[in-house]
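# Survey of secondary and tertiary structure
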Amino acid sequence: MTRSGRLLCALYLTTSGGLVSTTFLEFLHGPRWAACLFAAASLVPVIAVVRETLVRDLRRAAAAPRRPVRPAADDVVRTELEGACCERWWTSLGTRHDTGCPHPTRRSSAA
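Figured I'd write up the structure that's included with this text.

### A few points about the overall build of the protein
- Of the regular secondary structure elements, the protein holds four helices and zero strands.
- Counting from the amino terminus, the protein carries its helices and strands in the arrangement α-α-α-α.
- The buried share of the protein, taken over its 111 residues, is 15%.
- Sequence-distant contacts, at least 24 apart, represent 37% of the contacts inside the protein between residues at least 6 apart.

### Quick look at a nonpolar patch on the surface
- On the surface, L13, V46 and V50 cluster together to form a nonpolar patch covering roughly 250 Å² of accessible area.
- V50 gets classed as exposed once you look at its relative accessible area, which sits at 51%.

### Side note on helix α1 (residues 3–29)
- Taking 1.5 Å as the rise per residue, α1 with 27 residues should run 39 Å; its terminal C-alpha atoms sit 39 Å apart, in good agreement.
- Listed in full, the buried residues belonging to α1 are G5, C9, Y12, S16, L19 and T23.
- As for α1, its buried residues are in contact with α2 (32–63).

### Comments concerning the side chain of S42
- Turning to its location among the elements, S42 is positioned in helix α2.
- Dropping the residues within four chain positions of it, S42 is found in contact with S16, L19 and V20.

### Re the environment of C36
- Tracing the backbone shows C36 in helix α2.
- Taking the relative accessible area as the measure of exposure, C36 reaches 46% and is therefore partly exposed.
- Considered as a pair, C36 and E26 are ten residues apart in the sequence and their alpha carbons are 8.7 Å apart.

### A look at the packing of α1 against α2
- It is at 8 Å that the axes of α1 and α2 come closest, and there the two elements cross at 165 degrees. With respect to each other, α1 and α2 are oriented roughly antiparallel. Seen along the crossing, α1 lies across α2 with a hand that is left-handed.
- Looking at the contact of α1 with α2 residue by residue, the classes come out as 16 nonpolar, six polar and four charged.

### Points about the pattern of salt bridges
- Counted according to the given criterion, the structure contains two salt bridges.
- Residue D57 pairs with R56 through a salt bridge whose shortest N-O separation is 3.2 Å.

Parameters and conventions
Residues numbered from 1 in each chain as written. Predicted model: local features only at pLDDT ≥ 70, side-chain atom pairs only at ≥ 80, totals over all residues. Heavy atoms only, no water. Helix = DSSP H or I, 4+ residues; strand = E, 2+ residues; numbered from the N terminus. Buried < 20%, exposed > 50% of the residue type's maximum accessible area, 1.4 Å probe, protein only. Contact = heavy atoms within 4.5 Å. Patch = residues over 30% accessible without salt bridge, like charges linked within 9 Å, V, L, I, M, F, W, Y side chains within 5 Å. Areas by Shrake-Rupley, 256 points an atom, 1.4 Å probe, with all protein chains shown as cover. Salt bridge = Lys/Arg side-chain N within 4 Å of Asp/Glu carboxyl O. Expected span 1.5 Å × (residues − 1). Axes fitted to C-alpha atoms, helices over the stretch in contact; angles between N-to-C directions. Parallel < 35°, antiparallel > 145°, perpendicular 65-115°, else oblique. Left-handed = near helix turned anticlockwise from the far one by under 90°. Nonpolar A, V, L, I, M, F, W, Y, C, P; charged D, E, K, R; others polar.

As structure tokens, this is what we get:
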């Protein structure tokens, strides 16, 4: 987090602490509606601190180098290409093999 971000978070938390103390004083000596208002207002700076930390995390994630994401179709094509026996098998859609292919499938005449 940058220095200004830390300063803002410290200011937010100090403001929230002041509003909480004002809430307690209003509960003891003032109207209840004002105490509820100060209690709700004391949550706003806490939300701002959460937002500042979220911005910090997003900046870190954007600055980090990312490796490219391969689509699932690339994996399927790569698997099929690695599983190909020979060039004739590939061009004949898996029905014929080269003579030197180690994976020839014998076609039987049984129906």
